[in-house]
Amino acid sequence: MFSGKTEELIRRLKRATFARQRVEIFKPSIDTRYSEDNVVSHDQNAIPSTPIDSSSSILLLSSDMEVVGIDEAQFLDEGVVNVCNEMANRGIRVIVAGLDMDYKGVPFGPIPNLCAIADEVTKVHAICVKCGALAYVSHRLVHNDKRVLLGEKQEYEPLCRDCFQKAIKEEQTLKETPHQE
């Protein structure tokens, strides 16, 4: 989070639109943080999109497109890998944005497999809020064990690997320390 991936997706799709290419953008319907039907960056840049519940919808809704964008792909089912591959094989340019790891630093959803089949991968990084290095993971600030928890700056902070390891150790120490009243 906070790396500019949605901002970059919007920039690339707007360029394709300026070039008069037929463009469609999709996002998981569960992502309603800023808008139900627009892809919106943290900086409030927006582009109209089609919310979907399943990756199979993308094929049905993009048959005559030249460029297809997908935001927050980590929230989609694994079928999105085959969908993207099929579109690319048809000559459609596919641009996907998503988190490659979850808040625990574990590969997230279909993103690792999408990276494996992609012609090109651009990995963008946020800046660690503790030390200023390149961020490695979006560290969850609130206690919630659900893998998918939509949030922003109140729920997550970008941390480098070193600061993330320190934060995990601190949290573990707090759990193990008996509370005195």
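Residue positions within a chain follow its written sequence, with the count starting from 1. The predicted nature of this model means local features are confined to residues of pLDDT at least 70 and side-chain atom pairs, given and counted, to a pLDDT of 80 or more, with totals for whole chains, interfaces and linings taken over all residues. Side-chain metrics rest on all non-hydrogen atoms present in the structure, leaving aside hydrogens and water.

Concerning the nonpolar core
Note the following rule: By convention a nonpolar core is built from buried Ala, Val, Leu, Ile, Met, Phe, Trp, Tyr and Cys residues, the set being connected through side-chain atoms within 4.5 Å. Partly exposed describes any residue whose relative accessible area lies between the buried limit of under 20% and the exposed limit of over 50%, with all areas from a 1.4 Å probe on protein chains only and scaled to the type maximum. Helix and strand labels come from DSSP, where a helix needs a run of H or I of at least four residues and a strand needs a run of E of at least two; each type is numbered from the N terminus. Residues are treated as being in contact if the distance between any of their heavy atoms lies within 4.5 Å.
Ile58, Val68, Ile70, Leu76, Val80, Met87 and Leu114 are the most contacted members of the largest nonpolar core, which totals 16 residues. Elements represented by at least two residues in this core include exactly strand S5 (67-70), helix H3 (79-89) and helix H4 (111-117). Per-element accounting of this core gives the leading share, 5 residues, to H3. Excluding residues that lie within four positions of it along the chain, Ile58 makes contacts with Phe26, Ile52, Val68, Ile70, Leu76, Val80, Val83 and Met87. In this structure, Ile10, Leu13, Ile95 and Ala97 belong to the second largest nonpolar core, which totals 10 residues.

A closer look at the pairing of strand S6 (residues 93-96)
Stated precisely, the cut-off is as follows: Two strands are said to pair when DSSP picks up at least two bridges between them. Think of it like this: strands point away, you trace from the first strand over the helix to the second, and a clockwise trace means the crossover is right-handed.
Across 4 bridges, S5 lies against S6 in parallel orientation. Of the residues in S6, the one forming a bridge with Val67 is Arg93. Between the parallel elements S5 and S6, the chain passes through H3 in a crossover that is right-handed.

A closer look at the sheet that holds strand S4 (residues 50-52)
Think of a sheet as strands paired side by side through backbone hydrogen bonds, with each pair either parallel or antiparallel. Using the following cut-off: All axes are obtained by fitting lines to C-alpha atoms, using only the stretch in contact for helices, and the reported angles, taken between N-to-C directions, cover 0 to 180 degrees.
A sheet is described by the order of its strands in space; here 4 strands give the open sequence S4-S1-S5-S6, paired in parallel fashion. Each edge of the open sheet carries a strand with a single partner, namely S4 and S6. With direction set aside, neighbouring strand axes in the sheet form an average angle of 25°. The strands that H3 touches are S5 and S6; relative to S6, the one it contacts most, it runs at about 150°.

Things to note about the layout of surface pockets
Using the following cut-off: Only protein atoms enter the 1 Å grid, on which a cavity is a set of points fitting a 1.4 Å probe that cannot get out and a pocket is an open set with protein on both sides within 12 Å along at least 5 of 7 lines, lining residues being those with an atom within 4 Å of a point. Grid points are joined across faces, edges and corners, and a volume is the space filled by probe spheres set on the points. Residue classes follow a fixed rule: Ala, Val, Leu, Ile, Met, Phe, Trp, Tyr, Cys and Pro count as nonpolar, while Asp, Glu, Lys and Arg count as charged, and any other residue, Gly among them, counts as polar.
As a volume, the largest pocket reaches approximately 1100 Å³. Taken together, 38 residues line the largest pocket, and the ones lying closest to its centre are Val96, Ala97, Glu120, Val121 and Thr122. Secondary-structure elements contributing two or more residues to the lining of the largest pocket are helix H1 (5-18), H3, S6, H4 and strand S7 (137-140). Here the residues of the lining of the largest pocket are counted per class, giving 23 nonpolar, 7 polar and 8 charged. A volume near 390 Å³ is recorded for the second largest pocket. Around the second largest pocket, the lining comprises 15 residues; the ones closest to its centre are Tyr103, His143, Ile168, Glu171 and Lys175. Going through the elements one at a time, S7 and helix H5 (161-176) are the ones with two or more residues in the lining of the second largest pocket. The element contributing the most residues to the lining of the second largest pocket is H5, with 6 residues. Here the lining of the second largest pocket is built from residues that sort into 6 nonpolar, 4 polar and 5 charged.

Focus on the pattern of salt bridges
This is how the line gets drawn: For this analysis, a salt bridge means a side-chain nitrogen from Lys or Arg found within 4 Å of a carboxyl oxygen belonging to Asp or Glu.
The final tally for this structure, using the stated rule, is 7 salt bridges. With a shortest N-O distance of 3.9 Å, Lys130 and Glu157 are connected by a salt bridge. Taken together, the residues Lys130 in the loop between H4 and S7 and Glu157 in strand S8 (residues 156-159) connect sequence positions 27 residues apart. Residue classification places Lys130 among the exposed positions, given a relative accessible area of 54%. We note a salt bridge from Asp162 to Lys166, for which the minimum N-O separation is 3.2 Å. Here the residue Asp162 and the residue Lys166 both occupy positions in helix H5, the gap between them amounting to 4 residues, near one helical turn.

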